[in-house]
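Now for the letters of each chain:
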Amino acid sequence: MSIVLESTSATIRRNFWNGVWRVMKRKPSRMVGVVIILGFAFMGVFGPMFFPAQLPDNPDAITQPPSWEHWFGTDPQGRDVLALVITGSRYVLLSAAVTALITVVLGTAIGLYSGFKRGRWDTVLMRITDMKLTIPGLPLLLVLATVWKFGNPIQMGLVLGLLGWGGVARAVRAQTLSLRERGFIEAARGLGLSTTHIIGKELLPSMAPYIAMNMLIAVTGAVYAQVGLFFLGVLPYESDNWGVMLNLAVFQAGAMITPTALGYLLAPLLAILLLTLGIVLVVDAMDEIFNPRLREE
Amino acid sequence: MAKQAPGVRIDGLTVVYKTPAGELPAVRDVSMELAAGTITGIVGESGSGKSTLAFSLLNAVQPPGRISAGSVEIDDLGNVVSFQGEQLRKARGAHIGYVFQAAQNSLNPLKTVGKQLLDLGRSHGVEDLRGLVREAKELLGRMGLDGARVLDSHQHELSGGMRQRVGIMLALVLNAHLVVLDEPTTALDMITQATILRIIREVHAERGLTTMIITHDIGVVAEVADRLAVMYGGRIVEQGPTREVLADPQHPYTRGLIRAIPRLTGDINQAQALPGRPPTLTTVPKEGCVFRERCSLRMDVCDTVDPEAIPHGDRIIACHAVKVKEHA
Amino acid sequence: MISGKGITKTFKQRGSVLAGRTVQALRGVDFQIPKGGAASFIGESGCGKTTLGRIIAGLETYDTGEITIDGVSVTSPKDRLFRKVQMIHQDPYSALNPTRTIHQTLRAPLELRAKQTRRPKSWIDERAHEVLGLVGLDPASVIGRYPHQLSGGMRQRVVIARALTVDPEMLVADEATSMIDVSLRLGILALLKDLRERLGVSVLFITHDVATARYIGDDGELYVIYRGQVIERGSVDTIISDPVHPYTQSLLSAIPVLHGLEEPGPEPVVPTEALDAGHEDAGCLFARRCPFRTEECETGRPVLGLTEGVPQEHACFHPKSRDVVATHLGRV
């Protein structure tokens, strides 16, 4: 009998992935989104491996406009812009992923606990959340930048993540409060099922589309936040990344007045735009993936 | 302009919904007449097409649905199926009043009833707004409410029965003489239901209306309707004068439905559930009788030929078995 | 045996902090439901019948009074004895988790049950099939499905099957058929009746439709509740044929008559319009709506009890049987 059991849960899992495939195929735009996101993931993981640690510079070809040799031109040191974008992607994407993970895990855990337990714990946690929401992120980052160098993308992600979970916590709590009144949650309590079961197996899956969406959107948010910080120049240029590139393009290469530096400015912008597009296209599928009714149809 | 209760003739009406499996009929080849000044009840379970039929009366079937064939002729108005845009909007409200399913929740929670009444008046170009308010107060008073107080109230300040009456008032206040009530008493208590049904009956008679009531509850129709049409799987399987149909139901579905209601008197064990379950849009058989899966009188012909709706005196019945009985 | 004595419950209504109104949902209710027995709570929405049902099922706390299950007093909803009472909710659409298959839904409580009773793992699946069979579903075709793939009637059967996984002593069915297609309702009622007969589970029906209450069995007891007070209590047949409280009579009069098939009762009772329920009366709770009220009714409040010549308990100063029920013309 237990063999039958395992096989049924395996079947459910296989059906789930078949369903995901079906949902993705339903609209070509979703496939485009998936391809874009996979492309960026590939770029972040393997991209830097194709280039030497120190990109070759060329004093004879500084700030070149786009050409066949350099698709997006070169920077003021004569380095290929495309290579810069690719090598810079790891920092941006890794820190964004860490941010998204922390935002969602922390936000969901606190929101769920708060909304399900209600009472005293709810009050305490929500006060903390409110306090956290009132801390202005940018000045705090500026202060932190004076002591911390943010050379490590995980550090960066950690700080942005710890700053960002408040909104998710509030939203998840609201969802939990409405879901806990549903008949199936009450039935689970009436049957004497454990709180762990109710939260993990009944509540969480119902919120999965919501959490997944938040996670994806948090990625774009994190990219904007840190690119913005580097662009403003409030963080030291310790490493190559898209924000630093934008900053240099505007303030060093003078992309606003020098047409030859336009490629240098546009390349990181395009990368950010493309990533956002990919995420937006995929977010649209989350509801259908996690709702069995929409998935199976 | 003194208007009169209009008669309505529905002929060969088919409404299809676009689904991944192609266009499927929710209402198929329905013909019926609402005689001027009568109350007609449409009875059916979920998925029978009764609400879709009600919407087609206003030519208000929402996409992905559309009226694919047939006509709805309303006296003094014409064939509403051919109406479009502004002409249609004016017809609704001024000629046809509609009380929504769950009218209890169809009011705007942010506006008082009075404001919503004025919005309705303006959107229909009513010039005498004072007259409109007076008329509304009168109607509400007629239904046993304090008109002035109700107009000043928000939705949450009114009970379910009161909201239902506000819904009826909004449907009638523009002087419509054809009224469609979709599930007017669902989610109401027995006593409130009885009150609403009494009001529907009285207002119908006083204002000279033609009324159509959509419901899943045969008891509601039994209380108010002159004529009764039973829908199943998008078809009208039986129609006729209410008392006659209830006293002597001919179609096996009608019979089963009546027998499935527990009553207060009589042998309780006579009550029996119908076997099987009602079809949905995708499971309605494409050919043959829609009811055959649950029918006790199923014959070979039912699998292939859709029974035609045939008049038997005052009644119209779509069943092969009934026809056979007649001939025998 | 599940019984309650003097159960009261007060809800605080949300409003401004200073002027928070309270609503008395239950005003000292007594009830006894024997093992394998049947009872019905009848009344309009807001009368307290659902609150009482939820208290009995351990989903809500009560203020004062005492509930005993098999002679043991239970107070906290967390008490494990309350698991012997399982609620069947009105809405079979929200009662099942849409993201879990029927198998997953049944497994969770069965795993717990297996652990408690030291049964082997293999028992879990056997039992899952068994309970689905008990509620008249084909286990093989249903077990792997998601709730949305089932009709309302089938879902309600799954809900009942889930309740059966913990071997309950009583099922509380709160308007359990009102959201199900008319032609299938009777099937659910018949199932509850059948479970009562076969498994000895007692059934508590909460409904506003007296006719459904009748279906559960002739030995069933009927509690008519009005504004948190039981105003008439007795066997189903007695109360339907000879109701003495005007409120019970108006409930029975309000049931639609199938004209042509039935003849309406000769003495229908129509209550006067429901007035502001927030108002507290000193006298009989129903006096304001009662067509037969006297001065006595406005000053003193009758309590539930027996009087001479009336077989059922009632709370009315002027009990009088009236012929309000429609009679069957004897066809179909």
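This is a predicted model, so every value here is computed, not measured.

1. Some thoughts on the nonpolar core
Here is step 1 of the chain: Counting 59 residues, the largest nonpolar core has B:Leu140, B:Val166, B:Ile168, B:Met169, B:Val173, B:Ile218 and B:Tyr253 as its most contacted members.
Here is step 2 of the chain: At six residues, helix α6 (residues 160-172) of chain B tops the list of elements feeding residues into this core.
Here is step 3 of the chain: Other than its neighbours up to four places away in sequence, B:Ile168 contacts B:Val99, B:Met143, B:Leu181, B:Ile196 and B:Ile200.
Here is step 4 of the chain: The next biggest cluster of nonpolar side chains, apart from the first, holds 55 residues, and it includes A:Met156, A:Leu160, A:Ala249 and A:Ala267.

2. Describing the interface of chain C and chain A
Here is step 1 of the chain: If you look at the interface, chain C gives 28 residues, while chain A gives 24 residues.
Here is step 2 of the chain: Both faces considered, chain C and chain A share a buried interface measuring about 2300 Å² in area, 63% of it formed by carbon and sulfur atoms.
Here is step 3 of the chain: The tally of links from chain C across to chain A stands at two salt bridges.
Here is step 4 of the chain: One salt bridge in this structure joins C:Arg100 and A:Glu202, with 3.6 Å as the shortest N-O distance.
Here is step 5 of the chain: Taken together, chain C and chain A are joined by nine residue pairs in polar contact (both at pLDDT 80 or more).
Here is step 6 of the chain: At the level of elements, α2 (102-116) and α3 (121-134) of chain C are the ones that each hand at least two residues to the side of chain C that touches chain A.
Here is step 7 of the chain: Here the side of chain C that touches chain A takes six residues from α2(C), the largest share from any one element.
Here is step 8 of the chain: Among the residues forming the side of chain C that touches chain A, the class breakdown is nine nonpolar, twelve polar and seven charged.

3. As for the interface of chain B and chain C
Here is step 1 of the chain: On the chain C side, the residues contacting the 42 residues of chain B number 45 residues.
Here is step 2 of the chain: When the two sides are added together, the surface that chain B and chain C hide from each other amounts to roughly 3800 Å², 59% of it contributed by carbon and sulfur.
Here is step 3 of the chain: Taken together, the links from chain B to chain C amount to one salt bridge.
Here is step 4 of the chain: Residue C:Glu262 is joined to B:Arg263 by a salt bridge in which the shortest nitrogen-to-oxygen separation is 2.6 Å.
Here is step 5 of the chain: Counting across the interface, chain B meets chain C through twelve residue pairs in polar contact (both at pLDDT 80 or more).
Here is step 6 of the chain: Those elements that provide at least two residues to the side of chain B that touches chain C are α7 (190-207), α8 (218-224), α9 (242-247) and α10 (252-259) of chain B.
Here is step 7 of the chain: Among the elements that take part in the side of chain B that touches chain C, α7(B) stands out by supplying six residues, more than any other.
Here is step 8 of the chain: A breakdown of the residues in the side of chain B that touches chain C according to their chemical character gives 20 nonpolar, twelve polar and ten charged.

4. Considering a nonpolar patch on the surface
Here is step 1 of the chain: Where nonpolar side chains cluster on the molecular surface, the patch consists of A:Phe42, A:Val45, A:Phe46, A:Met49 and A:Phe50 and spans about 550 Å² of accessible area.
Here is step 2 of the chain: Mapped onto the elements of the fold, A:Val45 is located in helix α2 (residues 28-46).

5. A few points about the domain arrangement of chain C
The parts lose accessible area when they come together, and the size of an interface is often stated as this lost area.
Residues and elements named next belong to chain C.
Here is step 1 of the chain: Assigned domains within chain C: domain 1 (2-101 + 152-223) and domain 2 (243-332).
Here is step 2 of the chain: Distance between the C-alpha centres of domain 1 and domain 2: 24 Å.
Here is step 3 of the chain: Taken together, the eight residues of domain 1 in the interface contact nine residues of domain 2.
Here is step 4 of the chain: Between domain 1 and domain 2, a total of about 650 Å² is buried, with carbon and sulfur atoms accounting for 53% of that surface.
Here is step 5 of the chain: If you sort the residues of domain 1 by the area they bury against domain 2, Arg-27, Glu-44 and Val-210 come out on top, with a joint share of 62%.
Here is step 6 of the chain: On the surface where domain 1 and domain 2 come into contact, there are one salt bridge.
Here is step 7 of the chain: Where Arg-289 meets Glu-44, a salt bridge forms, and the shortest distance between an N and an O atom there is 3.2 Å.
Here is step 8 of the chain: Linking domain 1 to domain 2 there are two residue pairs in polar contact (both at pLDDT 80 or more).
Here is step 9 of the chain: Residues of the side of domain 1 that touches domain 2, tallied by class, amount to three nonpolar, one polar and four charged.

6. Description of the arrangement of the chains
Here is step 1 of the chain: Out of two pairs of chains that touch, the pair holding the most contacts is chains B and C.
Here is step 2 of the chain: Structurally, chain A and chain B remain out of contact, their C-alpha atoms never closer than 9 Å.

7. Here we look at the packing of aromatic side chains
Aromatic ring pairs: the centre-centre distance and the angle between the two ring planes describe each pair.
Here is step 1 of the chain: Within the structure shown, the criterion is met by 16 aromatic pairs over all chains.
Here is step 2 of the chain: Where A:Phe16 meets A:Phe290, the ring centres are 6.3 Å apart and the plane angle is 45 degrees; that geometry is what we call tilted. Here A:Phe16, found in helix α1 (residues 2-26), pairs with A:Phe290, found in helix α11 (residues 286-290); they are 274 residues apart in sequence, far enough to count as distant.
Here is step 3 of the chain: Plain terms: the ring middles of C:Phe41 and C:Tyr223 are 5.3 Å apart, the flat faces sit at 80 degrees to each other, and that makes the pair edge-to-face. One end of the pair, C:Phe41, is in strand β3 (residues 38-42); the other, C:Tyr223, is in strand β9 (residues 221-226), and 182 residues separate them in sequence.
Here is step 4 of the chain: In this structure C:Phe41 comes out as buried when scored by relative accessible area, which is 0%.
Here is step 5 of the chain: Put simply, the rings of A:Phe16, A:Trp17 and A:Phe290 touch in pairs and so form one group of aromatic residues.
Here is step 6 of the chain: The side chain of A:Lys132 reaches across the aromatic face of A:Trp165, ending 5.5 Å from its centre.

8. Some points on the pattern of salt bridges
Here is step 1 of the chain: A complete count under the given rule lists 45 salt bridges over all chains for this structure.
Here is step 2 of the chain: Two residues, B:Arg315 and B:Glu238, come together in a salt bridge whose shortest N-O distance is 2.7 Å. Within this pair, whereas B:Arg315 is found in strand β12 (residues 315-317), its partner B:Glu238 is found in strand β10 (residues 235-241), the two being separated by 77 residues in sequence.
Here is step 3 of the chain: B:Glu238 gets classed as buried once you look at its relative accessible area, which sits at 0%.
Here is step 4 of the chain: One salt bridge in this structure joins C:Arg107 and C:Glu111, with 2.5 Å as the shortest N-O distance. Here C:Arg107 and its partner C:Glu111 are both found in helix α2, four residues apart, which amounts to about one turn of the helix.
Here is step 5 of the chain: Here C:Glu111 falls in the partly exposed class, since its relative accessible area comes to 33%.
Here is step 6 of the chain: Salt bridges sharing partners connect three or more residues here, namely A:Arg26, A:Lys27, A:Arg30, A:Asp284 and A:Glu288.

9. Topic: the sheet that holds strand β2 (residues 22-33) of chain C
Residue and element names in this part refer to chain C.
Here is step 1 of the chain: Taken together, the four strands give an open sheet; going across it, the order is β2-β1-β4-β5, and neighbouring strands pair in antiparallel fashion. Two strands close off the open sheet at either side, each with one partner strand: β2 and β5 (72-74). Neighbour-to-neighbour, the strand axes of the sheet open up by a mean angle of 30 degrees, direction not taken into account.
Here is step 2 of the chain: For strand β1 (residues 2-12) and β2, the ladder comprises nine bridges, and the chain directions are antiparallel. Pairing of Thr-10 across the sheet is with Gln-24, part of β2.

10. Looking at the pairing of strand β2 (residues 22-34) of chain B
Residues and elements named next belong to chain B.
Here is step 1 of the chain: The pairing of strand β1 (residues 8-19) with β2 spans nine bridges and is classified as antiparallel. Counterpart to Val-8 in the pairing with β2 is Leu-34.
Here is step 2 of the chain: Here β1 folds back onto β2, and the loop between the two strands holds two residues.

Calculation notes
- Residues numbered from 1 in each chain as written.
- Chains lettered and ligands numbered in written order.
- Predicted model: local features only at pLDDT ≥ 70, side-chain atom pairs only at ≥ 80, totals over all residues.
- Heavy atoms only, no water.
- Core = buried A, V, L, I, M, F, W, Y, C linked by side-chain atoms within 4.5 Å.
- Buried < 20%, exposed > 50% of the residue type's maximum accessible area, 1.4 Å probe, protein only.
- Helix = DSSP H or I, 4+ residues; strand = E, 2+ residues; numbered from the N terminus.
- Contact = heavy atoms within 4.5 Å.
- Buried area = accessible area lost by both parts, 1.4 Å probe.
- Salt bridge = Lys/Arg side-chain N within 4 Å of Asp/Glu carboxyl O.
- Polar contact = N/O pair within 3.5 Å; in protein donor to acceptor, adjacent residues only side chain to side chain.
- Nonpolar A, V, L, I, M, F, W, Y, C, P; charged D, E, K, R; others polar.
- Patch = residues over 30% accessible without salt bridge, like charges linked within 9 Å, V, L, I, M, F, W, Y side chains within 5 Å.
- Areas by Shrake-Rupley, 256 points an atom, 1.4 Å probe, with all protein chains shown as cover.
- Domains from an automatic or database assignment.
- Phe/Tyr/Trp six-rings, centres within 6.5 Å; stacked < 30°, edge-to-face > 60°.
- Lys NZ or Arg CZ within 6 Å of the ring centre and 35° of its normal.
- Pairing = 2+ DSSP bridges.
- Axes fitted to C-alpha atoms, helices over the stretch in contact; angles between N-to-C directions.

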